[in-house]
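A closer look at the structure
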Amino acid sequence: KVNQPERPLPKQLISVNFALSLSLILLLIGLTSSLLISYSHIIITVIFSFLSWFYNIWGKKQGLIGNSIVASSMSIPFIFGGIITGNISLLVWSISLIAFLSGMGREIIKTIADVEGDQIKGVKSISIQFGSRNAMLIACIFIVSSIIVSFIPVYFDLIQIYYVPLLLLTDLILLYSVFIISKNYSKSESLKVKKLILYAMLFGLITFLANSMIVW
């Protein structure tokens, strides 16, 4: 209610029971779908379903552990898809790592904006434990690392030359995010940068999907 009062539950647009029921239905659909694909996929789904439960019960309050769980959930879909196609290539691992690193940066920046509510809930976030400035620096390291990793597909010629400008644009958005948050890591700026990173991740995803699906 303090950190994000505009969400459906705090605004009482939906009830807790409805949210729990819907999540259970979606969980069952996900487990059933994964089982129909392969045993490897059902194992991945069960693991990350458990991690999701673990995150909400305990991990969310454990700072870096919780951030890692969320970032991992952002990166695992690429591995999941790679197993379906039978192609766990360097490109897939690179995209997955980029998603994890940028996701970690985004999650840590989010803790800067959530300090007030996290203090009330007893969350041991990076910002509360080490201060907002140090949280900003750690987040920037993760984001810059994701930019560096994004050049692996280019170096090994895993991405078509036509899509390199789009990839560079994605990196520029991430770099701009680092510039903004390093200059001002207030709550309002942190929220803006959090959204900006999400847009960059979406742009990057579209770039890699286009590279895989459209052949010039």
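Because the structure is a prediction, the values reported are computed rather than measured. (Residues numbered from 1 in each chain as written. Predicted model: local features only at pLDDT ≥ 70, side-chain atom pairs only at ≥ 80, totals over all residues. Heavy atoms only, no water.)

Considering the overall build of the chain
What counts, and what does not: Elements are defined by DSSP. Helices are runs of H or I of four residues or more, strands are runs of E of two residues or more, and each kind is numbered from the N terminus. Note on exposure labels: buried denotes an accessible area under 20% of the residue type's maximum, exposed denotes more than 50%, and partly exposed covers the range between, all computed with a 1.4 Å probe on protein chains only. Throughout, a residue-residue contact means that at least one pair of heavy atoms, one from each residue, lies within 4.5 Å. Note on areas: these come from Shrake-Rupley sampling with a 1.4 Å probe, and a residue is covered only by the protein chains present in the view. Within this scheme the basic residues Lys and Arg register as positive and the acidic residues Asp and Glu register as negative, but His and the chain ends are omitted. Taken as the charge location is NZ of Lys, CZ of Arg, CG of Asp or CD of Glu.
Helix and strand content of the chain: ten helices and zero strands. Starting at the N terminus, the α and β elements of the chain follow one another as α-α-α-α-α-α-α-α-α-α. The principal-axis extents of the C-alpha atoms in the chain amount to approximately 55 × 45 × 30 Å. Within the span of the chain, comprising 216 residues, buried residues form 38% of the whole. Once local pairs closer than 6 in sequence are excluded, the contacts in the chain between residues at least 24 apart make up 68%. As displayed, the chain has an accessible area near 12600 Å², and 71% of this comes from carbon and sulfur atoms. Within the chain, one finds 15 positive and 8 negative side-chain charges whose respective centroids are separated by 8 Å.

Some thoughts on the nonpolar core
Which entries qualify depends on this criterion: Residues enter a nonpolar core if they are buried and are Ala, Val, Leu, Ile, Met, Phe, Trp, Tyr or Cys, with the set joined through side-chain atoms within 4.5 Å.
Formed by 20 residues in total, the largest nonpolar core has its most connected members in I108, I109, I143, L174, I181, V193 and I197. Elements represented by at least two residues in this core include exactly α4 (90–113), α7 (132–149), α9 (164–183) and α10 (187–213). Leave out the neighbours within four places in its chain, and I197 touches S102, R106, I109, I143, L174 and S177. By size, the runner-up hydrophobic cluster in this structure holds eleven residues, among which are L91, Y163, V164 and F208.

Section: the environment of I173
With respect to the helices and strands, I173 occurs in helix α9. With 36 residues separating them in the primary sequence, I173 and L209 have C-alpha atoms 18 Å apart. Not counting chain neighbours up to four residues away, the residues in contact with I173 comprise L196, A200 and F203.

A word on the side chain of T207
Worth spelling out the cut-off: The definition of a polar contact used here is a pair of N or O atoms within 3.5 Å, where within protein one atom must be able to donate a hydrogen and the other to accept one, and adjacent residues in sequence count solely through side-chain atom pairs.
As for its placement among the helices and strands, T207 is situated in helix α10. At 2.9 Å, the side chain of T207 forms a polar contact with the backbone oxygen of F203. Apart from the residues lying within four places of it in its own chain, the contact partners of T207 are I159, Y163, L166, L167 and T170.

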